[in-house]
Amino acid sequence: MAEELRKVALEAAARSHSPYSKFPVGAALRTHDGRIYAGCNVENASYPEGWCAETSAIASMVMGGGGRISEIAVLGLKAELCTPCGGCRQRLAEFGSPDTKVYLCNSEGIAETVTLGDLLPKSFGPMSLAGETGDRSQ
Ligand code: THU
C-alpha cells in the first residue's frame, strides 16, 4: 500500500515544474475511502508564487470530491529524504489527523515513516476555531 503511493509520487515528481530550484518533488495521498491523488511542485519566475507538491495533491483531492487523508507519500527526486515544509504540514492538518501516516521517500524506497502528529505537534486546526481544546498533545 505504501509502496504503491511512493510509485505514484515518483511519477508525479517526473512532472514537476521546477526550473528554478531544480528540485522536483512529488506527493501522492490516499483518502480514507481509498482514492489516490497526486501532485508535483509548480514553480514560477516570480519565485514566491510557486507551490509545493503536497499542496497540488490536496487541491486535486478537493477537486475530486474532498475527503480526509489517511496517508501520504512525499518524494524529492534529488533528496535522500524530503520532509513536508511548514506550510504544507499545516495544509495537511486541515484534511488529516495526528495519526495520518507520512512516508518520506526517495527514488529507492521509503526512507522513513512518521505521522502528521510527529511533524506538527500541538497544531492549530478547525477544532481550535470552534473553541475546542481537543487533545493538543500531538
Ligand atoms: N517543495 C515541495 O514541493 N514540498 C516540500 O514539502 C518541500 C519543498 C518544493 C518547493 C520548491 O519548488 C522546491 O521544493 C524547493 O524548495
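For the structure, see preceding data.
What counts and what doesn't
- Residues numbered from 1 in each chain as written.
- Predicted model: local features only at pLDDT ≥ 70, side-chain atom pairs only at ≥ 80, totals over all residues.
- Heavy atoms only, no water.
- Core = buried A, V, L, I, M, F, W, Y, C linked by side-chain atoms within 4.5 Å.
- Buried < 20%, exposed > 50% of the residue type's maximum accessible area, 1.4 Å probe, protein only.
- Helix = DSSP H or I, 4+ residues; strand = E, 2+ residues; numbered from the N terminus.
- Contact = heavy atoms within 4.5 Å.
- Lys, Arg positive; Asp, Glu negative; His and termini not counted.
- Salt bridge = Lys/Arg side-chain N within 4 Å of Asp/Glu carboxyl O.
- Phe/Tyr/Trp six-rings, centres within 6.5 Å; stacked < 30°, edge-to-face > 60°.

S.K.: Quick question: what am I supposed to make of the nonpolar core here?
M.R.: General note: in soluble globular proteins, nonpolar side chains tend to be found buried as a group. Formed by 21 residues in total, the largest nonpolar core has its most connected members in L29, I69, I72, L92 and V102. Elements represented by at least two residues in this core include exactly strand 1 (25–31), helix 2 (53–63), strand 3 (69–76), helix 3 (86–95), strand 4 (101–105) and helix 4 (116–119). Sort the elements by how many residues they give to this core and helix 2 lands first, with four residues. Residues in contact with I72, not counting those within four places in the same chain, are L5, A27, A28, L29, E54, L92, K101, V102 and Y103. In this structure, A2, A9, A13 and C105 belong to the second largest nonpolar core, which totals nine residues.

S.K.: What's the story with the side chain of E54 in this structure? I'm lost.
M.R.: Looking at where E54 falls in the secondary structure, it is placed in helix 2. For E54, which is buried and forms no salt bridge, the nearest opposite charge comes from R91, at a distance of 7.3 Å.

S.K.: Would you take a moment to explain the packing of aromatic side chains for this structure?
M.R.: How two aromatic rings sit relative to each other is set out by the distance from centre to centre and by the angle between their planes. Under the definition given, this model contains one aromatic pair. Ring geometry for Y20 against Y47: centres 5.4 Å apart, planes inclined by 45°, an arrangement best described as tilted. On the criterion of sequence distance, the pair formed by Y20 in the loop between helix 1 (2–13) and strand 1 and Y47 in the loop between strand 2 (36–40) and helix 2 is long-range, its members being 27 residues apart. Under the relative-accessibility criterion, Y20 is labelled partly exposed at 40%.

S.K.: How should I be thinking about unusual backbone geometry in this particular structure?
M.R.: Negative phi characterises most residues that are not glycine, and trans characterises most peptide bonds. In the Ramachandran plot, K22 falls in the positive-phi region, its phi being about 50° despite a non-glycine side chain. Turning to its location among the elements, K22 is positioned in the loop between helix 1 and strand 1. Even without a glycine there, the phi angle at K122 is positive, about 50°. With respect to the element layout, K122 can be found in the loop between helix 4 and helix 5 (126–129).

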